[in-house]
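# Notes for the structure review
Letter by letter, the chains look like this.
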Amino acid sequence: MARPDHSKPLIIENVHLPPASPGDKSSGSTYTVRCEKGKIVEISQFHSAEQNQAFEYVDGKGGILLPSMCHSHIHLDKCNLLSQCSELKSGSFQEAMEVTAKVKESYTSDDLLVRGRHLILESVKYGVTAMRAHVEVDNIVMLKCLEAGIQLKEETKHLCDVEIAIFAQEPLYLSSLSPIPSSHLAFLVTAASYLSVSAVGSAPYVEPSHDHALKNIDHIFKIALTHNLHIDFHLDYNISPESKVLTHYVIEQAHVLAWKTRMVGKRITIGHAPRLGLLSHPEITELRERIGDLPISIVGLPQTDMYMLGRDDPKKPRGTLNVPEWKGKFEFPDIAMAVNNVGNPFTPQGSLDPLSLCTFGVAVFQTGLPVDCYNLLDAVTNASKRAVGICAHDRSLALSPGGPADLVIVHGNDTVQSVVLNPGFERTVIKGGRVIASKRATEFVASLPDT
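Residues numbered from 1 in each chain as written. Predicted model: local features only at pLDDT ≥ 70, side-chain atom pairs only at ≥ 80, totals over all residues. Heavy atoms only, no water.

## Quick word on the side chain of Ser-182
- Among the structural elements, Ser-182 can be located in the loop between strand E8 (161-168) and helix H4 (183-192).
- A relative accessible area of 13% places Ser-182 in the buried class. (Helix = DSSP H or I, 4+ residues; strand = E, 2+ residues; numbered from the N terminus. Buried < 20%, exposed > 50% of the residue type's maximum accessible area, 1.4 Å probe, protein only.)

## A closer look at the pattern of salt bridges
- If you walk through the whole model with that rule in mind, you get 21 salt bridges.
- One salt bridge in this structure joins Asp-232 and Arg-132, with 2.8 Å as the shortest N-O distance. Separated by 100 residues along the polypeptide, Asp-232 in strand E10 (residues 230-235) and Arg-132 in strand E7 (residues 128-136) bring together distant segments of the chain.
- A relative accessible area of 0% places Asp-232 in the buried class.
- One salt-bridge network, in which partners are shared between bridges, spans Lys-78, Lys-104, Glu-136, Asp-138 and Glu-170. (Salt bridge = Lys/Arg side-chain N within 4 Å of Asp/Glu carboxyl O.)

## Regarding the sheet that holds strand E5 (residues 64-67)
- Overall, antiparallel pairing links the four strands, which are arranged E5-E14-E15-E16 in an open sheet. Across the chains shown, the open sheet's two edge strands, defined by having one partner strand only, are E5 and strand E16 (434-439). The sheet shows a mean angle of 20° between the axes of neighbouring strands, direction not considered.
- With four bridges joining them, strand E14 (residues 407-410) and strand E15 (residues 427-431) adopt antiparallel strand pairing. Residue pairing across strands places Val-410 opposite Arg-427, the latter belonging to E15. (Pairing = 2+ DSSP bridges. Axes fitted to C-alpha atoms, helices over the stretch in contact; angles between N-to-C directions.)

## Re the nonpolar core
- By size, the foremost hydrophobic cluster in this structure holds 102 residues, and its most contacted members are Ile-166 and Trp-326.
- Here this core takes seven residues from helix H5 (residues 210-227), the largest share from any one element.
- Here Trp-326 is in contact with Leu-276, Ile-284, Leu-287, Ile-298, Leu-321, Glu-331, Phe-332 and Ile-335, once residues within four sequence places are set aside.
- Grouped together as the second largest cluster of nonpolar side chains are 16 residues, Val-33, Leu-65, Leu-399 and Ala-405 included. (Core = buried A, V, L, I, M, F, W, Y, C linked by side-chain atoms within 4.5 Å. Contact = heavy atoms within 4.5 Å.)

## Quick word on the sheet that holds strand E4 (residues 56-59)
- With mixed pairing, the four strands of this open sheet are ordered in space as E3-E2-E1-E4. In this open sheet, the two strands that pair with only one neighbour each are strand E3 (39-45) and E4. Averaged over all pairs of adjacent strands, the angle between strand axes in this sheet comes to 20°, irrespective of strand direction.
- Both strand E1 (residues 10-15) and E4 contribute to a ladder of four bridges, which runs parallel. Directly across from Ile-12, in E4, lies its bridge partner Val-58.

If you want it as structure tokens, here you go:
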């Protein structure tokens, strides 16, 4: 594929488009989409015609044109760590914490930049044009991960909108007897003052007690309110019916602190949350009512949840938030899904392709119905963008004039259902009406022997 001419407006020809709602069928027609100044300006039926030299053209070859994808939850500093880790013995969460903490001691700026750059560029090739990148801040790495993240954010801004979330993976309190937080919190407070930081978050479940977990949440709210940041919690990371649901406390505090009126445009995101999958239908209805009009998104992380949870139970149960059910049956619109980790002790398997989560979800959630495929695809595109505060209010996959020209053509697919069930390898990625990446396959099959 020839390198695109970014000085010209873009015309995308011969593409299928997603329908407006989960219940609608694809028209079966192909379309031409014209983009100018970062926006879609016209959509029309495709008719083969002579090309105008004033435009740059992309031939979709009958593929499907979709909103670009978003990593609503990805760890920039912990990617592709396995080669630096000691050999895993149990694969448990505690082992992952210990092994990763050891590797963190040897992080260098160059190493962080190489691994983080690879994550961003590979993600772009799959069709990701935005991401919330978690970078750890504590007394082990101090601000090293944050500084690398800021450099990569600037370096790749023409390819991907990288939103930096400072993250406390380590407990803020060192023991159940600790009356005051450790220096981990001081580093987090310092990091929050950096202008390039967009969100702050933590993992309250690593604290030594339930009361300390609540204090952890209080600290994060205070930092966010002080520095006008989004909040992104790793929360309710268990499948134990006996455990208390911390999401309830987050919702309560958001109401008490008048988040919606004081923090206009700022969202609260809850990542993981497999414990919510154990709630009964009435409890889920009550949860939705408690949230009300608060700007809260829940991001399921199925690759990590399915790999890590249930190890201590002889029956080996598995659990993760049922994304299509919550979006469909329970009518939670702001349910997203994300990759989380790649190539580290928390999630050694999987790729950076958000569409692979959709295919995985078909098996995990035991559904390939068109309506559920639609909701799975929305979870890694528009819903993920909403989760990180990118303006994507439209809860439809349909493209329309005036919308952002952040798009991906998935070649070899012509319907939403086919993309979810078996996504094509070849992609053409467009950001701001400019082609920024192309992923192509080289194929070879030996000739059949003469008979």
